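A closer look at the structure
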Amino acid sequence: MITRKSLRLRSITMTILVSILVWSATLETCIARRGRHLRHHHSSSSSLSDSLSSKKPKGHENNSHSHKSKPKPKPKMKSPPPKSDAGSPVVSQPPQVQQPPPHVQPPPPSPLPLQPVEDSQQFNVLDFGAKGDGMSDDTQAFEAAWASACKVEASTMVIPPDYIFLVGPISFSGPYCQANIVFQLDGMIVAPTDTKSWGRGLLWWIEFTKLKGITIQGKGVIDGRGTVWWQQDYLTDYPIDDDFKLIVRLNNSVQEHPPMPIRSELNGRMPSIKPTALRFYGSIDVTVTGVTIQNSPQCHLKFDNCVQVLVHDVNVSSPGDSPNTDGIHLQNSKDVMIHTSTLACGDDCISIQTGCSNVYVHNVNCGPGHGISIGSLGKDSSKACVSNITVRDVVMHNTMTGVRIKTWQGGIGSVKGILFSNIQLTEVQLPIVIDQFYCDHSKCMNQTSAVSVEGVTYEKIRGTYTVKPVHFACSDSFPCIDVQLSGIELKPVQLQYHMSDPFCWKTFGELTSTTVPPIDCLQIGKPARNGVHSDHDICL
């Protein structure tokens, strides 16, 4: 039988058990809450630690983390954090991918192929086998260097200083070459003097043809070694300047020829056709600057069928008695400028032929030579057209003529729009010349047709003369018209020549100021009648 005491003990026991259960549940809840707090705290600390470790310089990283050449090893797990008070470990977070330090730039992407650098655009003739000793034939090396330079736009063919290159007849040709090629001439190029190199004769020695944007520059020399050609000329009936007929010595003597010619290296005669030293043909945007061209067998520098030509700071040098050695020869070329150059030769310092227009010459030193000439024009009854020519600020000394226009009888066409201004002369034989009866043969037939001359202005032509100050010989059928003169001051210097007064024939125009000497022979106004060209003969 259960007593009251037994019931009381049972009740106390149940109460104690319930209290233990309640306390135990409360304690477990507290422990769980603390564990969650510890896990959250460690996660934040672990992220901060990873972030800081990722900012360390590469040099401070452990070698086991290198990934430059070895396979990437498994990352080491971080040391477990301290256990909580309840002994529950905190689970570690996955390792973070390391970023490069902010002060280290990432490697650039693979670069695209580079354009050729400057060195790859230069083609030195020495690299193509040239010897430069003045005796070995370097023609093939020059051809090979040009063939490479021709393929590269804005390339440079280099002829280095301190070398002498023997080069035979050569043509640097387009039209398939790239534009804007530079021929950098700082050494010397010399021509061969043996007959074999020239065959039966060539019209040029060095030629640039059908190019766009070609520049010849440098401090080098082109030497045509023309002596073997010039002296040979005196044995043949080579053409002479017809205006020599106007120059008579006081004793009426004839100038003697030079000594007998020096034979060529092979003891043979040179061809009768003489080459021009440097020729440009059919090219656009041509520049020649800095170089010296000397001793050419014939013309030194020629431009034929070229547009946009610039010549400056060029020296031309040949003896005053070297035959037919024009300094600069223009033919069928437009938009030409020549300035700041010194031209000494045996013929015209500058010769302007048919087909030329928009030519501007200034600040040129001319002499010895035959002055600056337009023509000769209309030879063999040909058509000649020359217009818009300006020659100014020029110094001439010891030249045969000063500024001259010369045409043949029988020609057709016209010369018009010509200005000669501020020309300073010293001991020039014939300072101002228009000659429509030009003939470089021993005899020429009289013909009625002529290249007409109109619109020619002479201003500020000053200095000294030794034969005749003005010589105007115009056609009976096509008189010279609109010839203007002002500021003419020419004083005589008695040397070894007969001296004459100004001469005019069929020349019409105007004197806009007093001249010295007086040019009373100029007819004021216009002619009563003048020849008329057919439409076919008129220059457009």
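Our subject is the structure listed above.
Residues numbered from 1 in each chain as written. Predicted model: local features only at pLDDT ≥ 70, side-chain atom pairs only at ≥ 80, totals over all residues. Heavy atoms only, no water.

Here we look at the packing of aromatic side chains
- One pass over the structure, following the stated rule, counts 13 aromatic pairs.
- Residues Phe420 and Tyr458 carry aromatic rings whose centres are separated by 5.4 Å and whose planes lie at 25° to one another, so their mutual orientation is stacked. Pair noted here: Phe420 is in strand S24 (residues 412–428) and Tyr458 is in strand S26 (residues 452–465), with a separation of 38 residues, a long-range link. The residues Phe420 and Tyr458 share a single accessibility class, namely buried.
- Here the aromatic rings of Tyr458 and Phe472 are separated by 5.9 Å at their centres, their planes lie at 40°, and the arrangement is tilted. You can see Tyr458 sitting in strand S26 and its partner Phe472 sitting in strand S27 (residues 470–473), a full 14 residues away along the chain.
- Over the ring of Trp505 we find Lys506, and its NZ or CZ is 5.9 Å from the ring centre. (Phe/Tyr/Trp six-rings, centres within 6.5 Å; stacked < 30°, edge-to-face > 60°. Helix = DSSP H or I, 4+ residues; strand = E, 2+ residues; numbered from the N terminus. Buried < 20%, exposed > 50% of the residue type's maximum accessible area, 1.4 Å probe, protein only. Lys NZ or Arg CZ within 6 Å of the ring centre and 35° of its normal.)

Concerning the pattern of salt bridges
- Enumeration according to the criterion identifies 5 salt bridges in this entry.
- Across the pair Asp304 and Arg279 runs a salt bridge, and its minimum N-O distance is 3.6 Å. One end of the pair, Asp304, is in strand S14 (residues 301–304); the other, Arg279, is in strand S11 (residues 276–281), and 25 residues separate them in sequence.
- Given a relative accessible area of 15%, Arg279 falls into the buried group.
- Among the salt bridges present, the one from Asp348 reaches Lys406, with a minimum N-O distance of 3.3 Å. Linking Asp348 in the loop between strand S18 (334–344) and strand S19 (350–352) with Lys406 in strand S23 (residues 401–407), this pair joins segments that are 58 residues apart in sequence. A single burial state applies to Asp348 and to Lys406, both of which are buried.
- Taken together, the salt bridges that share partners define one network made up of Glu207, Arg279 and Asp304. (Salt bridge = Lys/Arg side-chain N within 4 Å of Asp/Glu carboxyl O.)

Section: the pairing of strand S28 (residues 480–486)
- Taken across its 7 residues, S28 has 6 buried, putting it largely inside the fold.
- Pairing analysis gives 5 bridges linking S26 to S28, with the strands arranged parallel. Residue pairing for S28: Val456 is matched across the bridge by Val483.
- Two elements, S28 and strand S31 (residues 507–511), share 4 bridges in a ladder whose sense is parallel. Note on S31: the bridge partner recorded for Cys480 is Thr507. (Pairing = 2+ DSSP bridges.)

So, to be careful, I would describe these as geometric facts and stop short of saying anything about function.
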